[in-house]
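Overview (structure and organization)
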Amino acid sequence: MELSLQDFQSQAQVYERLRDAIDRQSFVHAYLITGPDGVGKRSLARLIAQGVLCRENGVHPCGTCEACQKIAHGNHADVFTIGSNPKEIIKIDTIREEVLDVVSSHSVEGSHRVIIIENAHKLNTGSQNALLKTLEEPAPGNIFILVTSVSRLLLPTIRSRCQELRLHPWQDAELEQMIRRHGIDVSQLPHLLPVWEGSIGKAIALSQDNAYWQLRQELMDDFLSIRQRSAIVTVSTKWGGKASGKTEAAEDSPSGHTQMKEHLLDVLEEMIRQLMLVNTGQRPAETLAHYPLPWKKMAQGPSIAPFIQVIHAIREAKKMKESNVTWQAVIERLLFQLLEVTIPWQT
């Protein structure tokens, strides 16, 4: 599912500024899209490129013309994207070969060229200085879009030469409007609200990720439903053996994930954080409908301390996972700690 410009209406300042620029076909030479992970920065960069290069008459971007479709599929001759890998430093050679050489040539399909730099905070000092020269003396017809969640890592001189479009985390009501607008099953909304954390990207991904919801339910049934010590060995053997690759096939693992170790602890920590939100009054108790009773009781209790204790246990498990401790032993220790926390709430 792709976001439309209309979806950004709740980001009022950004929407109005872009709507005006697109309607007048009058763009600044450089935009800096900032905001937390998952709030739609890359989608907005795509929409700006479509707004610049859309060929249809009427309201731009139409999203359906040849130019818009090419941009959506990443094969428009006048749209260049670098920095897609969040782990790679963007070096000066990349700027010279994939940006500076490009902006000195003529556009191919339209009157403008759009250069999108994702993860712009991965530009090193040399590459930022090389880019700065181009931003200071922009060639006609070139529009730069820098995308980053860590704008402070960019040189002040880079930031000052861009028009910043700051996206904020989305609100629950905005998520519901978006889900209804795009025809996503509204019945998923109660499940999404506790976990989406204002990230529209995460909400969209999770709404389509059946394996994620299956894993959450299995963690509820196995990890959070432990009531006695005798069950710990059974559960740790089930998850430890399967996640370590001792099953006949990867799909035999409880969640269907091939990287169970890496994913399991993150999802479990996320589930505990939802309990903390209810405990501190930031979420209604109804969001815990699928949690076992002892955890619901704990969330209604007077202290956040038990949840902090569990978070520490999960992070300790993550450290142990990176050592020579067997995965089953990591799971077994964590299950013991979960059981100890819930014992006072089992009656």
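Residues numbered from 1 in each chain as written. Predicted model: local features only at pLDDT ≥ 70, side-chain atom pairs only at ≥ 80, totals over all residues. Heavy atoms only, no water.

What follows covers the sheet that holds strand β5 (residues 163–166). Across a sheet, paired strands are connected by hydrogen bonds in the backbone, their directions being either parallel or antiparallel. Pairing in this open sheet of five strands is parallel, and the strands run β2-β3-β4-β1-β5 from one edge to the other. Each edge of the open sheet carries a strand with a single partner, namely β2 (79–82) and β5. On average, each strand axis in the sheet is inclined to that of its neighbour by 20°, with strand direction left out of account. In terms of strand pairing, β2 meets strand β3 (residues 113–117) through four bridges, oriented parallel. Bridge pairing links F80 to I115 in β3. With respect to the sheet, helix α2 (residues 41–53) is in contact with β1 (30–34), β2, β3, β4 (142–148) and β5, its orientation differing from that of β4 by roughly 170°. (Pairing = 2+ DSSP bridges. Helix = DSSP H or I, 4+ residues; strand = E, 2+ residues; numbered from the N terminus. Axes fitted to C-alpha atoms, helices over the stretch in contact; angles between N-to-C directions. Contact = heavy atoms within 4.5 Å.)

This paragraph deals with the packing of helix α1 (residues 12–24) against α2. Look at α1 against α2: their axes get within 10 Å of each other, and the N-to-C directions meet at 20°. Between α1 and α2, the crossing angle belongs to the class labelled roughly parallel. Between α1 and α2 lies a crossing whose hand is right-handed. The segment α1 lies against α2, with V14, L18 and I22 engaging L44, L47, I48 and G51. (Parallel < 35°, antiparallel > 145°, perpendicular 65-115°, else oblique. Left-handed = near helix turned anticlockwise from the far one by under 90°.)

The next point concerns the pattern of salt bridges. A full pass over the atoms with the stated rule returns 19 salt bridges. In this structure, the salt-bridge partner of E270 is K202, at a minimum N-O distance of 2.6 Å. Within this pair, whereas E270 is found in helix α12 (residues 260–279), its partner K202 is found in helix α9 (residues 200–207), the two being separated by 68 residues in sequence. E270 gets classed as buried once you look at its relative accessible area, which sits at 13%. In this structure K202 comes out as partly exposed when scored by relative accessible area, which is 23%. Residues joined by salt bridges that share partners form a network here, namely D266, E269, R273, R315 and K318. (Salt bridge = Lys/Arg side-chain N within 4 Å of Asp/Glu carboxyl O. Buried < 20%, exposed > 50% of the residue type's maximum accessible area, 1.4 Å probe, protein only.)

With that settled, the discussion passes to unusual backbone geometry. The omega torsion of the bond from H60 to P61 falls at -10°, within 30 degrees of zero and hence cis. Mapped onto the fold, P61 is located in the loop between α2 and α3 (66–72). Even without being a glycine, N119 presents a positive backbone phi close to 50°. Looking at N119, the relative accessible area reads 17%, which means it is buried.

Our next topic: α12. Residue pairs three or four apart in sequence face the same way in an α-helix, which turns once every 3.6 residues. Helix length check: α12, at 20 residues, gives a terminal C-alpha distance of 29 Å against a target of 28 Å (1.5 Å per residue), a fit within 8%. Counting buried residues along α12, 14 of its 20 residues qualify, which places the element largely inside the surrounding structure. Within two residues after α12, G281 carries a phi angle of roughly 80°, on the positive side. (Expected span 1.5 Å × (residues − 1).)

What follows covers the nonpolar core. For soluble globular proteins, the rule of thumb is that nonpolar side chains tend to be buried together. Grouped together as the largest cluster of nonpolar side chains are 82 residues, with contacts concentrated most on L44, L175, F223 and W295. For this core, the leading source of residues is α12, giving 10 residues. Each residue touching W295, except ones within four places of it in the same chain, is listed here: L224, I272, L275, F307, V310, L338 and T342. Ranked by size, the runner-up nonpolar core spans 20 residues in total, among them I95, V103, F144 and C162. (Core = buried A, V, L, I, M, F, W, Y, C linked by side-chain atoms within 4.5 Å.)

This brings us to the layout of surface pockets. Estimates place the volume of the largest pocket at around 490 Å³. Every residue lining the largest pocket is counted, 22 residues in all, and those nearest its centre are D37, G38, G40, K41 and R42. For the lining of the largest pocket, the elements supplying multiple residues, two or more each, are α2, β4 and α9. If you tally residues by element for the lining of the largest pocket, the top one is α9, at four residues. Of the residues belonging to the lining of the largest pocket, the class tally is eight nonpolar, nine polar and five charged. (1 Å grid on protein atoms, 1.4 Å probe; cavity = no way out; pocket = protein on both sides within 12 Å on 5 of 7 lines; lining within 4 Å. Points joined across faces, edges and corners; volume = space filled by probe spheres on them. Nonpolar A, V, L, I, M, F, W, Y, C, P; charged D, E, K, R; others polar.)

With 13 residues, helix α10 (residues 210–222) ought to run about 18 Å at 1.5 Å a step, and its terminal C-alpha atoms sit 18 Å apart, in line with that. Regarding α10, its N-cap is D209, as a side-chain oxygen of that residue lies 3.2 Å from the backbone nitrogen of A211 further along. (Polar contact = N/O pair within 3.5 Å; in protein donor to acceptor, adjacent residues only side chain to side chain.)

Turning next to the confidence of the model for the chain. Close reading of the predicted structure is inappropriate where its pLDDT is low. Considering every residue of the chain, the mean pLDDT works out to 89; 94% of them sit at 70 or more. Averaged pLDDT values for the elements of the chain fall to 75 in helix α8 (residues 189–192) and rise to 98 in β1. Note that residues 245–258 has pLDDT below 50 and, in this model, 25 contacts with residues that lie over four places away or in other chains. (pLDDT = per-residue confidence, 0-100.)

According to the stated counting rule, one finds three aromatic pairs in the structure shown. A ring pair is formed by F8 and W170, whose centres lie 5.6 Å apart and whose planes are at 65°; its orientation type is edge-to-face. Linking F8 in the segment before α1 with W170 in the loop between β5 and α7 (172–181), this pair joins segments that are 162 residues apart in sequence. Across the pair, exposure class does not vary: F8 and W170 are buried alike. (Phe/Tyr/Trp six-rings, centres within 6.5 Å; stacked < 30°, edge-to-face > 60°.)

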